[in-house]
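For reference, the chains in residue letters:
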Amino acid sequence: MDDTPWQRPAALAPILADAAELGFAMSCEERTGSLLATLAASKPGGRMLELGTGVGAGAAWLLHGMTASSRLVTVEADPKVQTVAARHLAADDRVTFETADADAWLDAYDGPRFALAYVDCRPGKFHRLPDLLDLLEPGGLYVVDDLLPQVTWPGDHQPRVNSFLTRMPEQPKIRATPMRWASGLLVGARI
């Protein structure tokens, strides 16, 4: 079976071109992105959260699947890479860009719960997982990627991944499935 995505967001190619120009090599893998679009489509009118905007590839995929009444908040600590995302996606009034450290954002956020959270940074995945899960509505989806070795990983990253995967079955607020597919995913639902 060919699992290449059938459709891609219009903004994806220019986002990836700008990422290449910047030397940014940590964009969302396209199969992961296609799954994000599908999962976002399952939450019509839902509030979506992305921790780790990067250059906006994941946000582009989420927006691609979202309905007109859905909203996305995407958080990134590095304004240089988030500028690329904003350049290509800010005209879409469904998205709000937050330039902040994800830990600080988690500390400060006091709004409504989310229907889906895509976590592509350490907070909300390798630490602060219970805090992130508290931001999901019942049935809210939790998606993380990059759980299989990547060339962009620092040398000390594998132990973090191993610890995360070991701790996940013990989390009382989520039912999750790890997948050896794309960049290595875990998809869960808030219970």
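Heads up: these notes are all about the structure in this document.

Calculation rules
- Residues numbered from 1 in each chain as written.
- Predicted model: local features only at pLDDT ≥ 70, side-chain atom pairs only at ≥ 80, totals over all residues.
- Heavy atoms only, no water.
- Axes fitted to C-alpha atoms, helices over the stretch in contact; angles between N-to-C directions.
- Helix = DSSP H or I, 4+ residues; strand = E, 2+ residues; numbered from the N terminus.
- Parallel < 35°, antiparallel > 145°, perpendicular 65-115°, else oblique.
- Contact = heavy atoms within 4.5 Å.
- Nonpolar A, V, L, I, M, F, W, Y, C, P; charged D, E, K, R; others polar.
- 1 Å grid on protein atoms, 1.4 Å probe; cavity = no way out; pocket = protein on both sides within 12 Å on 5 of 7 lines; lining within 4 Å.
- Points joined across faces, edges and corners; volume = space filled by probe spheres on them.
- Expected span 1.5 Å × (residues − 1).
- Polar contact = N/O pair within 3.5 Å; in protein donor to acceptor, adjacent residues only side chain to side chain.
- Buried < 20%, exposed > 50% of the residue type's maximum accessible area, 1.4 Å probe, protein only.

Let us now look at the packing of helix H1 (residues 12-22) against helix H3 (residues 57-65). With their axes 10 Å apart at the nearest point, H1 and H3 run at an angle of 175° to one another. With respect to their mutual orientation, H1 and H3 come out roughly antiparallel. Touching Leu-12, Ile-15 and Leu-16 of H1 are Ala-57, Ala-60 and Trp-61, all from H3. Residue composition of the contact of H1 with H3, by class: 6 nonpolar, no polar and no charged.

On to the layout of surface pockets. The volume enclosed by the largest pocket comes to roughly 740 Å³. Along the walls of the largest pocket sit 38 residues, with Met-26, Asp-120, Cys-121, Arg-122 and Asp-146 positioned nearest its centre. Listing elements by their share of the lining of the largest pocket, those giving two or more residues are strand E1 (47-51), H3 and strand E2 (71-76). For the lining of the largest pocket, the per-class residue count stands at 19 nonpolar, 10 polar and 9 charged.

On to helix H2 (residues 30-41), then. The end-to-end C-alpha distance of H2, which contains 12 residues, comes to 16 Å, matching closely the 16 Å that a straight helix rising 1.5 Å per residue would cover. Residues of H2 that are buried in the fold lie against E1, H3, strand E4 (114-119), strand E5 (136-144) and strand E7 (185-190). Its side-chain oxygen 2.7 Å from the backbone nitrogen of Arg-31, Glu-29 forms the N-cap of H2.

Trans peptide bonds make up the majority, and among non-glycine residues the majority have a negative phi. With a phi close to 70°, Arg-128 is a non-glycine residue in the positive phi region. Relative to the helices and strands, Arg-128 is located in the loop between E4 and helix H6 (129-134). Unlike most non-glycine residues, Asp-146 shows phi in positive territory, near 60°. As for its position among the elements, Asp-146 is in the loop between E5 and helix H7 (157-167). Among the residues examined, Asp-146 registers a relative accessible area of 19% and is labelled buried.

Function-wise, these values are silent; they only describe arrangement.
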